[in-house]
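# Structure assessment
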Amino acid sequence: MYDVVVVGAGPAGSMAAKTAAEQGLNVLLVEKRQEIGTPVRCAEGISRESIEKFFEVDKKWIAAEVTGAKIYAPDKTEIVMSEEMAGNEVGYVLERKIFDRHVARLAAKAGAEVYVKTAMVDFERKDGKVKLKLRRLGEEWEVETKILIGADGVESKIGRKAGIIKTLKLNEVESCAQYLMAGLDIDENYTYFYLGREIAPGGYAWIFPKGNGSANVGIGVLPKMAEKTAKEYLDAFIEKEGIEGKIVEFVAGAVPVYGEIETAVTDNIMLAGDAAYHADPITGGGIANALSAGYYAGKVAAEAVQKNDFSASFLRRYDELWKNDFGKKLKRNKKLQLKFIDMDDALLNKLAGAIAGKNLREMSVAAIVKELLKAHPKLLWDLKDLF
Amino acid sequence: MARKAIVDRRKCAYCGACVAVCPADANELVETFLEIYDDRCTGCGICVKMCPMGALAMVEVE
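Below you will find a few notes about this structure. A quick note: this is a predicted structure, and the numbers were derived from the prediction, not measured.

### Thoughts on the overall build of chain A
Helices and strands together make up the secondary structure of chain A, namely 9 helices and 18 strands. Viewed in the frame of its principal axes, chain A has a C-alpha envelope of about 60 × 45 × 40 Å. The buried share among the 387 residues of chain A stands at 57%. Of the roughly 16300 Å² of accessible surface on chain A, a fraction of 47% belongs to carbon and sulfur atoms.

### Focus: the interface of chain A and chain B
Between chain A and chain B, the contact holds 26 residues from the first and 23 residues from the second. Surface buried jointly by chain A and chain B totals about 2000 Å² across both partners, of which 59% is contributed by carbon and sulfur atoms. If you sort the residues of chain A by the area they bury against chain B, Lys32, Arg160 and Leu170 of chain A come out on top, with a joint share of 25%. Counting every contact that joins chain A to chain B gives 2 salt bridges.

### With respect to the pattern of salt bridges
Side chains that carry opposite charge are capable of pairing whenever their charged atoms lie near each other. All names here are of chain A. Applying the stated rule across the entire model yields 28 salt bridges over all chains. In this structure, Glu249 and Lys97 form a salt bridge, with 3.0 Å as the shortest nitrogen-oxygen distance. With Glu249 in strand β16 (residues 246-256) and Lys97 in helix α3 (residues 96-109), this pair connects stretches of sequence that are 152 residues apart. Taking the shortest distance from any N to any O, the salt bridge between Arg317 and Glu303 comes out at 2.8 Å. Placement of Arg317 in helix α7 (residues 312-341) and of Glu303 in helix α6 (residues 287-307) is noted, with a sequence separation of 14 residues between them. In this structure Glu303 comes out as partly exposed when scored by relative accessible area, which is 29%. Where salt bridges share partners, they join Glu44, Glu95 and Lys210 into one cluster.

### A look at the pairing of strand β12 (residues 173-182) of chain A
All names here are of chain A. Burial of β12 is extensive: 9 of the 10 residues sit out of reach of the surface. Looking at chain direction, β12 and β16 are connected through 10 bridges and run antiparallel. Across the sheet, Ala182 pairs through a bridge with Lys246, a residue of β16. Relative to strand β15 (residues 214-221), β12 runs antiparallel, the two sharing 7 bridges. Each bridged residue has a counterpart across the sheet, and for Ala177 the counterpart in β15 is Ile219.

Conventions adopted
- Residues numbered from 1 in each chain as written.
- Chains lettered and ligands numbered in written order.
- Predicted model: local features only at pLDDT ≥ 70, side-chain atom pairs only at ≥ 80, totals over all residues.
- Heavy atoms only, no water.
- Helix = DSSP H or I, 4+ residues; strand = E, 2+ residues; numbered from the N terminus.
- Buried < 20%, exposed > 50% of the residue type's maximum accessible area, 1.4 Å probe, protein only.
- Areas by Shrake-Rupley, 256 points an atom, 1.4 Å probe, with all protein chains shown as cover.
- Contact = heavy atoms within 4.5 Å.
- Buried area = accessible area lost by both parts, 1.4 Å probe.
- Salt bridge = Lys/Arg side-chain N within 4 Å of Asp/Glu carboxyl O.
- Pairing = 2+ DSSP bridges.

Bear in mind that shape data such as this cannot, by itself, settle questions of function.
Following this line, the structure appears as structure tokens:
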């Protein structure tokens, strides 16, 4: 019997497996795809601080370093955010194919068993433990575990079957499409964000540089507001912007923009990362929270094994940890997102115009909102206590 | 006659977006391909709205 089985070898799952194995637990990490880290379903951006909290940065999995961000209103009003000290990178664009494998390898090195091309077919809680049915190459078998960590992504089977999460509604999720484009002529020191209902209803389009003239060029739209597919919006954006480059890779995906869930646990089970809707509702960024959540889940798993208590009430320690870390921010940014999706293009232009040219030294959502609150307190009155 | 979702496997990007929004758990990303279970599909069309690729459609079936 395992102490912990983790389903899903993305950043949340591998981090959970690594942490739990480092605490001396008997851990199995299961990934249904045959290759960890692909397809990425991700724009790959993360703040420097979030990654350095857990890892010594290795250039092998850093595609690009950025020093700032440029945000464009529908009328092309530009807001520039950059660190005061030039050359001081504030963010990384990862090479997830390499990064995800790196974290899984660290989990293995810490002692976790890793099975790829292995799907969890079903699970059942019984007699204080969890019985899982696994399948690899058509062969099915059963394993038992004290704790099951569901890091099985936005489509989490574990979260839904265990009754921890509700299925996302069409205004709680972004439909996303992204090309990796090569041969681009862009300033690679910045990430670029394009706002507007016409370009990306309920979401935004992005360009995240990946070095050597390549970049992730993608879009997320809220299906509730969208009138065509994410791919069609992406193609229209590329044409409208006159982005010239060769498409060398293509991915699609869903990003939860739900906000904070009440609990990510039930008896014997914890959810981490997109499975727990941990992605940020305003930026869609999910890697940082996934890493933190995985870390906390691994820690709490070790405590639970030590105390031999796998009840929901014990596992709520994990809720406390992730909520104290980023739960409040999820809640706050959900409120901001609801406000944002209500804004038409004229209002976005007006708001951007009010803060264009301001020296935004901090690269964060809060920095923008604080400036907007100074410029147009009445328009954002209901947000004033949040920022 | 009932409405059911069908997938065009040549258009599908195997991203699982439709799985995340299906209220009936009728869609599943099996290892690396999408499976739609007809017996569970209620024909609501939510997955069609969600699909980033336009790979899903509703059809009338007997």
